[in-house]
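A closer look at the structure
What follows is each chain in one-letter form.
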Amino acid sequence: MTRDETIDRFLENVAAVAAETARVRGRAGVDRMIADLIGGDSVVYCPRLTELERSIALPEDRVTDDYTSASVCVEEVFAGIAETGSLVSTSAGGRAVQGGLVPQHHIALIATDRIVETLDHFFSQWGDGPPTNITLETGPSRTADIELTLTIGVHGPGRLSVIAVEE
Amino acid sequence: MTPTVAPIDFRSNAAAAVQDSLLRAALRNATDTFAAKRAQAAACVPLEELREAASGIRSEVLGNLSSYLDRFIERASRAGAQVHRAADSAAARETIFSILKQHRVDKVVKAKSMVSEEIHLNDYLIANGIRVVETDLGEYIIQLASEQPSHIIVPAIHKDRRQVGRLFAEKLSCEYSEDPAQLTKVAQQTLRREFLSAAAGISGANFAVAESGSVVLFTNEGNGRMCTTLPRLHIVVLSIEKIIPSLADLPTFIRLLPRSATGQAITSYLSVITGPRKLGDRTGAEELHIVFVDNGRSSIVAGEYRDMLKCIRCGACLNACPVYRTVGGHVYGATYPGPMGIILSVLLEGMAKAHPLLDATTLCGACGEVCPVKVPLPDLLRRLRERRVEEGFTPAIERAGIAAFGRAASLGGLFTLGRSMARVLWPLMEKLIDPQTLGRLPKPAERSFQRRVR
Ligand code: SF4
């Protein structure tokens, strides 16, 4: 698969699991897109651990450090897996992985060079020393426990937006 | 033979279940949907190759289980987890309770775990004054209703939206609704408070990874992630055979487990947890305990039924089984229902108690065909039926008299059904089962049966 095909496959599979997708070239478009996505009254949690996270313009009066009181989490994820359309977050670097779980809306930024083709590519790198937590997130939270009726948004986010950022 | 053990009364249970038209409709809907989704999802991957690979990995682990366990324990401990081994259910319950007591925990949030059902953990903790909150929606529903799970993947499969609506209105004092989305929201709001205030989370694990000492959890709702990351204390309870060698083996099981269970290519969430929170971490419980339950598995793994322990609890054999599809999970009167449940129940709970379940199979072979790790289910069922006779347990039919046999046999080809099974269920099954399933029922002749007739 070429790089472009891998990115396309990733975004197709992300879209297939009921998440919103966008692909932007350069960081210029990111702020605008996030401003549109978070809307007027949300409380935003952003870990500000990566350069990309730190570069995002957010409405400072509505930013919180406490993910349990946030309605939106904006963060850069560690990797993407094209095969399944999964986003990967890890605890490495002091990230609170659950920060992307608790708020109702998860906006995930992913650098396109962090997208790998298959699950094998991703899982063969850890050997005996993975970080404390590796979480794959594929689409929003869901259940079909009542009469098998699919319901989106149970304990995790009901809305997942994925922005692939090409440097 | 221990005459003091009362055998499970599968026949009366089943007879009652087939009278319940609501249950039958719900079961039909669920098992049909899952079976169809599984078939669809399976068509997107090189299924046979994957099954072969998964079966090989599981066999390799079971062939060397104690060294894999030792490796896991060493690696998990190195990562800071505290690993415990419990020989039986009582030891497992006590271990878990003493950890909770040490931490003065009065409430735990729980993510779905079949082995915790196997060891009857909830009742024990509740009797000892600890509040246990099940957080998987299906488990939450049946906990509110004080019932048992009826399916290993969708535990409340036997309840329809009106029943859930009435249950929530009564127990949670909310307005009656029969909209699954609204009911889900009510549960979500109630449970969010529990998550944020619980000092301990208990979860199962789908796999334990020997090389890295990690536990792996597949969930869709996000409750598993909440239980394992929000409380200070996390206790994982799992049975000893859940080991895979390394994280590099995980993709094979990711490709098979959700596809076989719900027809998804992957669950919404998959967590790989390696030890508790470490210096500099902001994720993970401060203390992680891993409790391995044996409950006779060490001896099963050394014997002729070892292959049963390859099972990864996907539920596909339940959905494929014409008996399960007709009667549902409760009638088995055991933790694990369906074809895999019959075998596990006999192996874990003993022939004296579980032998009537051996009537709950038509030996049609459908379970073996769908199993993602190639557990030779029909073969194991056949061998256990032979063993039942050798051990002197009488199949129900012989107690009921020969008339029933005549009735089953006269239905042409039907004598290949388990005989008491045929007597109780056939007239109903004929009406209930779709022609496709019906068509395959008599296919493989039941050797042990014919041998005995001659
Ligand atoms: S025996 Fe096979 S099909 Fe049945 S639950 Fe286990 S893995 Fe799934």
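Residues numbered from 1 in each chain as written. Chains lettered and ligands numbered in written order. Predicted model: local features only at pLDDT ≥ 70, side-chain atom pairs only at ≥ 80, totals over all residues. Heavy atoms only, no water.

1. Details of the overall build of chain A
Broken down by element type, chain A carries four helices and 12 strands. Scaling as 2.2 N^0.38, a compact globule of 167 residues should have a C-alpha radius of gyration of about 15 Å, and chain A matches this with 15 Å. Dimensions of chain A, computed from the C-alpha atoms along their principal axes, are close to 45 × 45 × 30 Å. Burial analysis of chain A (167 residues in total) assigns 58% to the buried set. For chain A, the share of sequence-separated contacts (at least 6 apart) that also reach a separation of at least 24 residues comes to 70%. When the accessible surface of chain A is summed, it comes to about 6,200 Å², and 47% of that surface belongs to carbon and sulfur atoms. Charge centroids of chain A, computed over 13 positive and 26 negative side chains, lie 4 Å from each other. (Helix = DSSP H or I, 4+ residues; strand = E, 2+ residues; numbered from the N terminus. Rg over C-alpha atoms; globule rule 2.2 N^0.38 Å. Buried < 20%, exposed > 50% of the residue type's maximum accessible area, 1.4 Å probe, protein only. Contact = heavy atoms within 4.5 Å. Areas by Shrake-Rupley, 256 points an atom, 1.4 Å probe, with all protein chains shown as cover. Lys, Arg positive; Asp, Glu negative; His and termini not counted. Charge placed at Lys NZ, Arg CZ, Asp CG, Glu CD.)

2. Points about the overall build of chain B
The helix and strand inventory of chain B stands at 24 helices and 10 strands. Considering chain B as a whole, with its 454 residues, one finds that 61% of them fall into the buried category. Of the contacts formed within chain B by residues at least 6 apart in sequence, a portion of 76% connects residues at least 24 apart. Accessible surface computed for chain B: about 16,700 Å², of which carbon and sulfur atoms make up 49%.

3. Here's the deal with the packing of helix 9 (residues 161-171) of chain B against helix 10 (residues 180-197) of chain B
Residue and element names in this part refer to chain B. Contact pair helix 9 / helix 10: the axes reach a minimum separation of 10 Å and the direction vectors enclose 35 degrees. Handedness of the crossing formed by helix 9 with helix 10: left-handed. Contacts from Arg161, Val164, Gly165 and Phe168 in helix 9 reach Pro180, Leu183, Val186 and Ala187 in helix 10. For the contact of helix 9 with helix 10, a count of residues per class yields six nonpolar, one polar and one charged. (Axes fitted to C-alpha atoms, helices over the stretch in contact; angles between N-to-C directions. Left-handed = near helix turned anticlockwise from the far one by under 90°. Nonpolar A, V, L, I, M, F, W, Y, C, P; charged D, E, K, R; others polar.)

4. Some words on the sheet that holds strand 9 (residues 269-273) of chain B
Strand-to-strand pairing in sheets goes through backbone hydrogen bonds, with the strands running parallel or antiparallel. Spatially, 8(A)-5(A)-6(A)-9(A)-9(B)-6(B)-5(B)-8(B) is the arrangement adopted by the eight strands of the open sheet, whose pairing is mixed. Edge positions in the open sheet fall to strand 8 (115-116) of chain A together with strand 8 (243-244) of chain B, since each of these has one partner strand only. Here strand 6 (residues 214-219) of chain B runs beside strand 9 of chain B; their pairing, made up of five bridges, is antiparallel. Residue pairing in the sheet places Leu217 of chain B in a bridge with Ser271 of chain B of strand 9 of chain B. (Pairing = 2+ DSSP bridges.)

5. Structural notes on the pairing of strand 12 (residues 159-166) of chain A
All names here are of chain A. In terms of residue burial, strand 12 counts as a mostly covered element, since seven of its eight residues are buried. As paired strands, strand 1 (residues 20-25) and strand 12 are joined by six bridges and run parallel to one another. Bridge pairing in strand 12 places Thr21 opposite Val162. Pairing geometry for strand 7 (residues 105-111) and strand 12, over seven bridges, is parallel. Counted as the bridge partner of Ile107 is Ser161 from strand 12.

6. Remarks on the side chain of Gln264 of chain B
Considering the arrangement of structural elements, one finds Gln264 of chain B in the loop between helix 12 (250-261) and strand 9. For Gln264 of chain B, the residues in contact, after removing those within four places along its chain, are Arg142 of chain A together with Asn220, Pro258 and Arg259 of chain B.

7. Examining the nonpolar core
Formed by 130 residues in total, the largest nonpolar core has its most connected members in Phe123 of chain A together with Leu100 of chain B. When we break this core down by domain, the ones giving at least three residues each are domain 1 (1-44 + 315-394) and domain 2 (48-298) of chain B. Contact partners of Leu100 of chain B, with chain neighbours within four places excluded, come to Val105, Val108, Leu125, Ile130, Ala200, Ile202, Leu233 and Ile235 of chain B. Grouped together as the second largest cluster of nonpolar side chains are 30 residues, Val102 of chain A together with Val109, Leu137 and Val164 of chain B included. (Core = buried A, V, L, I, M, F, W, Y, C linked by side-chain atoms within 4.5 Å. Domains from an automatic or database assignment.)

8. Side note on the interface of chain B and chain A
Between chain B and chain A, the residue contacts involve 63 residues of the former and 47 residues of the latter. Together, the buried faces of chain B and chain A total about 4,400 Å²; carbon and sulfur atoms form 56% of this surface. Inspection of the chain B/chain A interface yields four salt bridges. Where chain B meets chain A, there are 28 residue pairs in polar contact (both at pLDDT 80 or more). For the side of chain B that touches chain A, the secondary-structure elements that each account for two or more residues are helix 2 (21-42), helix 4 (65-78), helix 8 (137-144), helix 9, helix 10, helix 11 (223-229), helix 12 and strand 9 of chain B. (Buried area = accessible area lost by both parts, 1.4 Å probe. Salt bridge = Lys/Arg side-chain N within 4 Å of Asp/Glu carboxyl O. Polar contact = N/O pair within 3.5 Å; in protein donor to acceptor, adjacent residues only side chain to side chain.)

9. Points about the environment of Leu270 of chain B
Mapped onto the elements, Leu270 of chain B comes out in strand 9. With 45 residues separating them along the chain, Leu270 of chain B and Arg225 of chain B place their C-alpha atoms 8.5 Å apart.

10. Some details on the pattern of salt bridges
Under the criterion given, the structure shown has 33 salt bridges over all chains. Of the charged contacts, one joins Glu167 of chain A and Arg27 of chain A as a salt bridge, the two residues approaching to 3.1 Å between their closest N and O atoms. Taken together, the residues Glu167 of chain A in the segment after strand 12 and Arg27 of chain A in the loop between strand 1 and helix 2 (28-38) connect sequence positions 140 residues apart. Note on Arg27 of chain A: relative accessible area 30%, which makes it partly exposed. The partner of Glu241 of chain B in a salt bridge is Arg313 of chain B, and the shortest N-O contact between them spans 3.3 Å. Of this pair, Glu241 of chain B sits in the loop between strand 7 (233-239) and strand 8 while Arg313 of chain B is found in the loop between helix 13 (297-301) and helix 14 (316-320), placing the two residues 72 residues apart along the sequence. One continuous salt-bridge network, built from bridges that share partners, spans Asp4, Asp8, Arg23, Arg25 and Glu166 of chain A.

11. Observations regarding the confidence of the model for chain B
All names here are of chain B. Of all residues in chain B, 86% have pLDDT values of 70 or greater, and the mean over the chain is 87. Across residues 430-454, where pLDDT falls below 50, the model places 47 contacts with residues more than four positions away in sequence or in other chains. Across the interface, the model reports ipTM at 0.96; the global pTM reads 0.90. (pLDDT = per-residue confidence, 0-100.)

12. Remarks on the packing of aromatic side chains
Throughout the structure, instances matching the rule amount to 11 aromatic pairs over all chains. Centre to centre, the rings of Phe122 of chain A and Trp126 of chain A are 5.7 Å apart; their planes meet at 65 degrees, and the pair counts as edge-to-face. Both residues of the pair, Phe122 of chain A and Trp126 of chain A, belong to the buried class. Ring centres 6.0 Å apart and planes at 70 degrees place the aromatic pair Phe207 of chain B and Phe218 of chain B in the edge-to-face group. Note that Phe207 of chain B is positioned in strand 5 (residues 207-209) and Phe218 of chain B in strand 6, a separation of 11 residues in sequence. (Phe/Tyr/Trp six-rings, centres within 6.5 Å; stacked < 30°, edge-to-face > 60°.)

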